[in-house]
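Below are the chains, spelled out letter by letter.
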Amino acid sequence: MWGLLQRPLTVSADINLHVVALTALGLLSRLWGLAHPRAVVFDEVYYGQYISFYMKRIFFLDASGPPFGHMLLALGGYLGGFDGNFLWNRIGAEYSSNVPVWSLRLLPALAGALAVPMAYQIVWELRFSHLAATGAALLLLIENTLITQSRLMLLESVLIFFNLLAVLSYLKFSSSQKHRSFSLSWWLWLILTGVACACAVGIKYSGVFTYLLVLSVAGVQAWHLLGDRSLSHVRVLCHMLARAAALLLLPLLTYVLFFYVHLRLLYRSGPHDQVMSSAFQASLEGGLARITQGQPLEVAFGSQVTLRSLSGKPLPCWLHSHQNTYPVIYESGRGSSHQQQVTCYPFKDVNNWWIVKDPGRHQLVVDSPPRPVRHGDIIQLVHGMTTRFLNTHDVAAPLTPHAQEVSCYVDYNISMPAQNLWRLDIVNRDSDAEIWKNILSEVRLVHVNTSAVLKLSGANLPDWGFRQLEVVGEKLQRAFHESMVWTVEEHRYGQSQEQRERELELHTPTQTDISRNLSFMARFSELQWRMLTVRSDDSEHKYSSTPLDWVTLDTNIAYWVHPKSSAQIHLLGNIVIWASASLATLVYALLFCWYLLRRRRHIHDLSEDAWLQWVLAGALCAGGWAVNYLPFFLMDKTLFLYHYLPALTFQILLLPLVLEHVCQHLCRSRRQRTLFTALVAAWYSAACHVFIALRPLTYGDTPLSASELRALRWRESWDILIRKH
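Cut-offs and rules
- Residues numbered from 1 in each chain as written.
- Predicted model: local features only at pLDDT ≥ 70, side-chain atom pairs only at ≥ 80, totals over all residues.
- Heavy atoms only, no water.
- Disulfide = S-S within 2.5 Å.
- Helix = DSSP H or I, 4+ residues; strand = E, 2+ residues; numbered from the N terminus.
- Buried < 20%, exposed > 50% of the residue type's maximum accessible area, 1.4 Å probe, protein only.
- Patch = residues over 30% accessible without salt bridge, like charges linked within 9 Å, V, L, I, M, F, W, Y side chains within 5 Å.
- Areas by Shrake-Rupley, 256 points an atom, 1.4 Å probe, with all protein chains shown as cover.
- Salt bridge = Lys/Arg side-chain N within 4 Å of Asp/Glu carboxyl O.
- Expected span 1.5 Å × (residues − 1).
- Contact = heavy atoms within 4.5 Å.
- pLDDT = per-residue confidence, 0-100.

Our focus in this paragraph is the state of the cysteines. Going through the model one piece at a time under the given rule, you end up with one disulfide. Paired through a disulfide, Cys-317 and Cys-344 show a sulfur-sulfur distance of 2.2 Å. Residues Cys-317 and Cys-344 are joined by a disulfide whose S-S torsion is about 90 degrees; by sign, that bridge is right-handed. Of the two residues, Cys-317 sits in the loop between strand E1 (303-309) and strand E2 (318-325) while Cys-344 sits in strand E3 (residues 340-345), which places them 27 residues apart along the sequence. Residue class for Cys-317 comes out buried when judged on its relative accessible area of 0%. Looking at Cys-197, it has no disulfide partner, and the nearest cysteine sulfur is the one in Cys-199, 9.3 Å off. Cys-197 gets classed as buried once you look at its relative accessible area, which sits at 2%. You can see Cys-667 has no disulfide; the closest cysteine sulfur is in Cys-663, sitting 5.2 Å from it.

In structure tokens, the structure reads:
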């Protein structure tokens with residue numbers, strides 16, 4: 001110990017000053033005047049609502065993506081002391097004093113800033129020159145769309161950050177495995193790759209494209225490892241298990257963890273509850289939980305229930321009837337049974353109540369003790385307000401002629417017998433003796449006489465049906481669907497006065513406690529399914545565009561306009577960078593095919609190392625562009641220019657790689673290289689000039705005259721807003 005104290009303690013650090021400088025420039029470009037404008041900008045109106053829900057612990061459902069990105073934005077609000085009290089109802093609305101605008105926009109801005117040095121590191125790890133790495137970083141630095149998108153309360157910059165982090169981490173892992181397999185740094189980069197991929201998917205589902213890209217590269221490298229005879233069988237197995245754990249299992253667990261935190265935070269009932277099942281709603285504090293708390297758990301003969309369709313499409317609704325009958329003749333000219341209408345009604349109503357009756361007895365109250373209804377039992381459903389029996393028969397439904405009409409039986413004494421027996425089929429049963437449970441049981445009602453299943457067709461009835469949703473009897477042989485499944489939501493025991501008094505004296509029935517019965521995995525599975533199946537509003541938008549518009553930059557988005565001056569913010573790309581990046585992708589593809597054909601002829605223009613470097617660079621950069629762009633051609637949803645930014649980022653990374661390759665391998669003489677370098681310098685100067693020209697529309701801090709705005713409208717399709725005085 002004394003010897004250690006006698007010797008000086010030294011610490012050495014290897015600091016890349018270029019990375020430090022690029023980080024500083026990235027922070028300056030993204031954080032400068034971050035709180036401007038102090039107004040709701042475009043999709044901030046959309047994400048801001050979810051931040052408020054997090055602050056107030058209110059459950060919500062966003063069908064556009066998983067919750068990790070929303071939680072990051074909410075973290076910014078939490079750090080800034082935001083209480084969630086702001087009405088996010090209008091783009092351009094001024095933020096009140098309690099909204100920490102700078103803090104809410106901070107995390108996207110930091111993500112956008114850190115993407116700049118990460119671009120440098122990725123190109124460097126691909127073993128290209130310092131000049132090419134610096135060029136990639138500087139191109140990201142001055143790309144106007146990336147600046148605009150990262151300075152607002154939006155998620156694209158965060159998605160791009162984790163996309164790049166996943167690629168960089170895997171490249172670091174690949175380089176470390178050559179010399180230090182299973183070392184601490186080897187494990188660190190491999191685990192970070194898996195976590196970054198999970199974060200990308202957890203922000204937006206489109207993050208799965210980059211995840212699949214990384215998995216593909218990892219799979220190819222793992223295949224080569226299998227053929228490495230210098231490694232023992234045990235070591236190869238360890239390599240495979242390590243990759244499976246870090247790149248498959250860990251991302252899955254991390255993704256589930258996001259939902260666990262999400263559901264732990266959002267434990268209160270809110271406006272999105274109706275999309276979820278009754279069991280899910282009852283697990284939330286307030287809302288349905290207040291209604292169902294203390295309800296009897298087991299449905300018995302004599303129970304009074306409301307039946308909610310599990311489908312919830314097009315709207316959550318409850319089995320309903322009223323005194324009105326079907327018209328004698330439909331608009332199509334077909335005749336009906338003229339029986340009492342049965343529909344599905346999307347609002348709570350007294351006409352939603354039904355009594356579960358034992359067909360062999362006349363009473364409509366629960367015995368003491370109650371006789372529970374089990375899977376396979378035959379029941380009748382009596383409408384509470386009109387006391388008519390739920391019925392179906394071989395008469396075509398009003399709007400779905402291939403299915404049977406469902407009605408409440410009216411005895412017209414015209415030889416139409418009552419057919420009102422139903423068999424209970426508990427879909428999620430554990431055994432054939434399962435008891436029908438309030439909220440927890442998912443049931444089908446199978447008509448005994450015709451074997452038709454009670455089903456929500458989802459069609460809106462005409463005015464004679466008050467625009468309510470059609471319910472039909474669907475034949476069993478048709479495909480099973482959740483529209484055939486129902487759950488008891490509200491439940492009470494129908495009792496006589498004597499029974500109620502005796503109940504208070506002796507005991508109370510087993511009561512529902514859904515918060516304990518519904519596990520996290522059940523809630524996670526339902527929420528995941530709803531997010532994948534519930535369609536968001538995909539109506540046409542003024543600024544929506546197609547994937548072909550993105551490559552040619554034929555579109556822009558007006559994000560914000562000052563209410564008095566002409567200052568405005570547009571999502572508008574640097575046209576020099578966009579055109580050059582597309583050209584570089586084409587050049588790479590042509591060169592790759594050319595080299596591949598010549599190698600087939602045993603003509604090697606590149607050394608083996610240079611060829612492998614060229615292939616890996618293309619797989620990650622050109623491949624990153626392709627997997628983040630081409631799938632949008634298959635998507636049936638409203639698309640915007642910002643959907644292209646992750647693909648554009650990879651394309652920009654490819655640009656300096658192609659330039660360096662052309663300079664080193666295609667320019668034969670020093671004179672050609674000098675001329676090419678001068679052209680590249682002039683090209684980059686033009687890109688900087690476009691960045692400076694578009695800067696007022698990127699930051700929105702400079703009022704422009706009408707003539708200046710017209711001068712910036714370089715394409716007729718660009719929607720630059722010019723006020724008429």
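Back to the text.
This part takes up a nonpolar patch on the surface. A cluster of nonpolar side chains, contributed by Leu-548, Leu-630, Phe-633 and Leu-634, occupies part of the molecular surface with about 460 Å² of accessible area. Inspection of the secondary structure assignment puts Leu-634 in the loop between helix H19 (608-629) and helix H20 (645-666).

Spanning 12 residues, helix H4 (residues 68-79) covers 16 Å between terminal C-alpha atoms, matching the ideal 16 Å at 1.5 Å per step. Burial within H4 is extensive, with nine of its 12 residues counted as buried. All of the buried residues in H4 are Phe-68, Gly-69, His-70, Met-71, Leu-72, Leu-73, Ala-74, Gly-76 and Gly-77. Here the buried face of H4 lies against helix H3 (44-56), helix H5 (101-125), helix H8 (156-177), helix H9 (184-203) and helix H11 (233-265). Where H4 ends, the next residue or the one after it, Gly-81, has phi of about 80 degrees, a positive value.

As a further point, take the confidence of the model for the chain. Confidence in the prediction of the chain, expressed as mean pLDDT, is 88, and 92% of residues score 70 or more. Confidence drops under pLDDT 50 across residues 499-508; counting only partners more than four residues distant or on other chains, this segment forms 10 contacts.

This part covers the pattern of salt bridges. If the charged atoms of two oppositely charged side chains come close together, the side chains can form a pair. Under the criterion given, the structure shown has 21 salt bridges. Taking the shortest distance from any N to any O, the salt bridge between Glu-285 and Arg-268 comes out at 3.6 Å. Taken together, the positions of Glu-285 in the loop between helix H12 (278-282) and helix H13 (288-292) and Arg-268 in the loop between H11 and H12 put the pair 17 residues apart, joining distant regions of the chain. For Glu-285, a relative accessible area of 47% translates into the label partly exposed. Among the residues examined, Arg-268 registers a relative accessible area of 33% and is labelled partly exposed. Residue Lys-542 is joined to Asp-719 by a salt bridge in which the shortest nitrogen-to-oxygen separation is 3.6 Å. Taken as a pair, Lys-542 in the loop between helix H16 (520-533) and helix H17 (547-551) and Asp-719 in the segment after helix H22 (706-711) lie far apart in primary sequence, 177 residues in all. Residue class for Lys-542 comes out exposed when judged on its relative accessible area of 64%. A relative accessible area of 23% places Asp-719 in the partly exposed class.

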